[in-house]
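Residue-level structure breakdown
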Amino acid sequence: MNLSEKAEKGSQRFRLIKLCIFFSGLSVFAQLYLFQPLLPTVAEYFKTTAGDSSLLVSSSTIGMAAGLLFFAFKADSYSRKNLMTFSLISSALLTIISAWMPSLSLLIATGVLKGFVVSGVSAVALAYLTEEVHTSVVALAISMYLSGNTIGGMSGRIMATILAGEFGWRNAVLIIGVESLILGIIFWKFFPQSQFFHPQKIDYSLKIKQMGHFFTDPYMLRLYFIAALLMGTFVSVYNYLTFRLEDQPFSLSHFVIAFIFLMYIFGVFGTMITSRLTKKFSRHFILKGSVLFMMSGTVLLLSENIYVVIFGLGLFTLAFFAAHTMASQMTALHAKQGKSSATSIYWLFYYFGSSILGTGTGYILHAFSWTIFITVLLFSVGVSFILATRNQDLKDIKTI
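Now for a look at the structure at hand. If you're wondering where the values come from, they're calculated on a predicted model, not measured in any experiment. (Residues numbered from 1 in each chain as written. Predicted model: local features only at pLDDT ≥ 70, side-chain atom pairs only at ≥ 80, totals over all residues. Heavy atoms only, no water.)

1. Here we look at the nonpolar core
- In terms of nonpolar packing, the biggest core is built from 112 residues, with Phe35, Leu38, Trp169, Leu287, Leu313 and Tyr351 touching the most fellow members.
- Beyond its immediate chain neighbours, meaning those up to four positions away, tryptophan 169 contacts Phe35, Leu38, Thr41, Val42, Tyr45, Phe46, Leu107 and Ala164. (Core = buried A, V, L, I, M, F, W, Y, C linked by side-chain atoms within 4.5 Å. Buried < 20%, exposed > 50% of the residue type's maximum accessible area, 1.4 Å probe, protein only. Contact = heavy atoms within 4.5 Å.)

In structure tokens form, the structure reads like this:
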């Protein structure tokens, strides 16, 4: 492989890669979480509980987890661009179709399928960038993809809330689906084909052996459970905070609540801050500190003062993304062999945590109170902190 032929900064190929990879992240996460701010509206429409309506979010993340497990074995059998294009366009079509689903159960089933197909993007995006982009700018390309993820998640939630308030939740879903389809078509037209990857047969026995090894590695298992617990907590807050803000003592309108999701901007800051802090502190130390800050932000969500709640949500969001960035990096760095297997398992736990805890806490909120709900989340974050303290610093362990 001639590194000089890889996409370099300033080249037309790099500009197209950077733009299209940003659009892919924008589309995936706008679709994945578009129902999150609509849960109170959908719950009222279908005459159901917060926990039942949360299955609209959990169904997509369960599908995502299942898809990532599938693509952990099959991704290298397909063209990178073709797989990502298929994922973007088919998921957009499913989002459009879901605008006409007559029942909650059909809407949930469509969400599972959408999560499965859209996982094709997440399964190969980072691999494509490391293969096709010059090492001097690969970090920049990856940051564009992650920024697309974050901004997509944020804008999808804000747009869904505003559009649903003005045109109804079904039209909101339809509009976001059409926009995602347009992004998918742009991606298909302009995203460069791989030059340094060709589809290949997969050694399934090797993949299974690698995964089995990581499942028996205590260091990796702790990171996996940290990912599950923190993501489950994060999704729980954003799932049900809308219910809290619509109710007493806040009684906020849908338009005001929409801009609460601007707190996602702090997620970008969280990712950026960790990259600077790693020059001065160990990743293990940063992970523990991030989890502690996340716990502090969670406590502030108990307040009945809207400004304290907003500050707490900002701190909570920044800390979550910082912790997630560190945990995912530590997973990849610890695995000297079978990196794709190690990271696939990480994402599997990440999305299963989102699905299981994200839905389970909804039933807790419905049965008890906001205080009990937050107490359960604090317990989850506390367990994550204990797991983080059990892992040694990466510098002091023998890598696999």
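2. Focus: the packing of helix H10 (residues 218-246) against helix H14 (residues 306-334)
- H14 packs onto H10 with a crossing angle of 155° between their chain directions and a minimal axis gap of 10 Å. For the element pair H10 / H14, the angle class is roughly antiparallel. For the pair H10 and H14, the sense of crossing is left-handed. Residue-level contacts link Tyr219, Met220, Leu223, Tyr224, Leu230, Met231, Thr233, Phe234, Val237, Tyr238, Leu241 and Leu245 of H10 to Ile306, Val309, Leu313, Phe316, Thr317, Phe320, Phe321, Ala323, Ala327, Met330, Thr331 and His334 of H14. (Axes fitted to C-alpha atoms, helices over the stretch in contact; angles between N-to-C directions. Helix = DSSP H or I, 4+ residues; strand = E, 2+ residues; numbered from the N terminus. Parallel < 35°, antiparallel > 145°, perpendicular 65-115°, else oblique. Left-handed = near helix turned anticlockwise from the far one by under 90°.)

3. Section: unusual backbone geometry
- The omega angle of the peptide bond from glutamine 248 to proline 249 is 5°, so this bond is cis rather than trans.
- Among the structural elements, proline 249 can be located in the loop between H10 and helix H11 (254-258).
- The residue lysine 47 is not glycine, and still its phi comes out positive at about 55°.
- Among the residues examined, lysine 47 registers a relative accessible area of 71% and is labelled exposed.
- Even without being a glycine, serine 251 presents a positive backbone phi close to 50°.

4. Looking at the packing of helix H1 (residues 12-32) against helix H8 (residues 169-190)
- At a closest axis distance of 9 Å, the pairing of H1 and H8 adopts a crossing angle of 155°. Classified by the interaxial angle, the pair formed by H1 and H8 is roughly antiparallel. Of the two possible hands of crossing, H1 and H8 adopt the one that is left-handed. Contact residues: H1 offers Leu16, Cys20, Phe23, Ser24, Leu26, Ser27, Ala30 and Gln31, while H8 offers Ile176, Ser180, Leu183, Ile186, Phe187 and Phe190.
- Taken together, the residues that form the contact of H1 with H8 break down as ten nonpolar, four polar and no charged. (Nonpolar A, V, L, I, M, F, W, Y, C, P; charged D, E, K, R; others polar.)

5. Quick notes on the environment of lysine 207
- By the element assignment, lysine 207 lies in helix H9 (residues 204-215).
- Judged by its relative accessible area of 9%, lysine 207 falls in the buried class.

6. Quick notes on the side chain of threonine 361
- Its location among the elements puts threonine 361 in helix H15 (residues 339-367).
- Judged by relative accessible area, threonine 361 falls into the buried class, the value being 1%.
- In this structure the side chain of threonine 361 is engaged in a polar contact, spanning 2.8 Å, whose partner is the backbone oxygen of leucine 357. (Polar contact = N/O pair within 3.5 Å; in protein donor to acceptor, adjacent residues only side chain to side chain.)

7. Concerning the environment of valine 28
- Considering the arrangement of structural elements, one finds valine 28 in helix H1.
- Residue classification places valine 28 among the buried residues on the basis of a relative accessible area of 1%.
- Each C-alpha atom, one on valine 28 and one on serine 87, is 8.9 Å from the other, the two residues being 59 residues apart in sequence.
- Among residues more than four places away in sequence, those in contact with valine 28 are Met64, Leu88, Val118 and Val121.

8. Some words on the environment of tryptophan 370
- Locating tryptophan 370 in the fold gives a position in helix H16 (residues 370-390).
- Each C-alpha atom of the pair tryptophan 370 and leucine 301 lies 9.3 Å from the other, and the pair is 69 residues apart in sequence.
- Sequence-distant contacts of tryptophan 370, defined by excluding residues within four places in its chain, comprise Tyr240, Leu241, Arg244, Leu301, Leu302 and Leu365.

9. Observations regarding a nonpolar patch on the surface
- On the surface, a nonpolar cluster with roughly 1000 Å² of combined accessible area is contributed by Phe255, Val256, Phe259, Leu262, Ile265, Phe266, Phe269, Met272, Ile273, Leu277, Phe281 and Phe285.
- Taken together, the elements giving at least two residues each to the nonpolar patch come down to H11 and helix H12 (265-277).
- Element by element, the count of residues in the nonpolar patch is highest for H12, at six residues.
- Relative to the helices and strands, valine 256 is located in helix H11. (Patch = residues over 30% accessible without salt bridge, like charges linked within 9 Å, V, L, I, M, F, W, Y side chains within 5 Å. Areas by Shrake-Rupley, 256 points an atom, 1.4 Å probe, with all protein chains shown as cover. Salt bridge = Lys/Arg side-chain N within 4 Å of Asp/Glu carboxyl O.)

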